[in-house]
Amino acid sequence: MITTSTELDDNPQTNTRKSPINTEKPIYNPELIRALTPITIAVIGGIIGVSAIFSSIEDNNKLTAAMGLAGTALAGASGLAQSNKNE
């Protein structure tokens, strides 16, 4: 006579299905926001700079202001991307 392992076990089988409760970390934690903020600001600054170069702005003051805004956005992004000294 052949017996299976379930016939010899004293413990009933446990439910192996996953719990419907999500135990993972939330997606929008502070570390992710702190990492994505400089990237977003740098992309916006890059878009402003490239659009200022390729647009047909005849006024030099407007072109200078657009490039200054793009540079400020890129500098702000690099400042936010620096690591904290409070480790």
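Keep in mind the model is a prediction, meaning the values are calculated, not measured.

Undergrad: I would appreciate a short explanation of the confidence of the model for the chain in the present structure.
TA: Any region with low pLDDT has predicted coordinates that should not be read closely. On average, residues of the chain score 78 in pLDDT, and 64% of them reach the 70 mark or higher. Confidence, read as mean pLDDT per element, is least for helix 1 (residues 5–8) in the chain (56) and greatest for helix 3 (residues 60–80) (91).

Undergrad: Just checking my understanding: could you explain helix 3 for this structure?
TA: In an α-helix, one turn spans 3.6 residues; hence positions three or four apart end up facing the same way. Here helix 3 is 21 residues long and its end C-alpha atoms lie 30 Å apart, about the 30 Å a rise of 1.5 Å per residue gives. Listing the buried residues of helix 3 in full gives Ala66, Ala70, Ala73 and Ala77. With its buried residues spanning 60° around the axis, helix 3 presents them on a single face. Residues of helix 3 that are exposed and point over 90 degrees away from its buried face: Asn60, Asn61, Thr64 and Thr72.

Undergrad: What is the right way to read a nonpolar patch on the surface from this model?
TA: On the surface, a cluster of nonpolar side chains totalling about 440 Å² of accessible area is made up of Leu32, Leu36, Ile39, Val43 and Ile47. With respect to the helices and strands, Ile39 occurs in helix 2 (residues 30–54). The class for Ile39 is exposed, based on a relative accessible area of 51%.

The rules we used
- Residues numbered from 1 in each chain as written.
- Predicted model: local features only at pLDDT ≥ 70, side-chain atom pairs only at ≥ 80, totals over all residues.
- Heavy atoms only, no water.
- pLDDT = per-residue confidence, 0-100.
- Helix = DSSP H or I, 4+ residues; strand = E, 2+ residues; numbered from the N terminus.
- Expected span 1.5 Å × (residues − 1).
- Buried < 20%, exposed > 50% of the residue type's maximum accessible area, 1.4 Å probe, protein only.
- Arc of directions from axis to C-beta.
- Patch = residues over 30% accessible without salt bridge, like charges linked within 9 Å, V, L, I, M, F, W, Y side chains within 5 Å.
- Areas by Shrake-Rupley, 256 points an atom, 1.4 Å probe, with all protein chains shown as cover.
- Salt bridge = Lys/Arg side-chain N within 4 Å of Asp/Glu carboxyl O.

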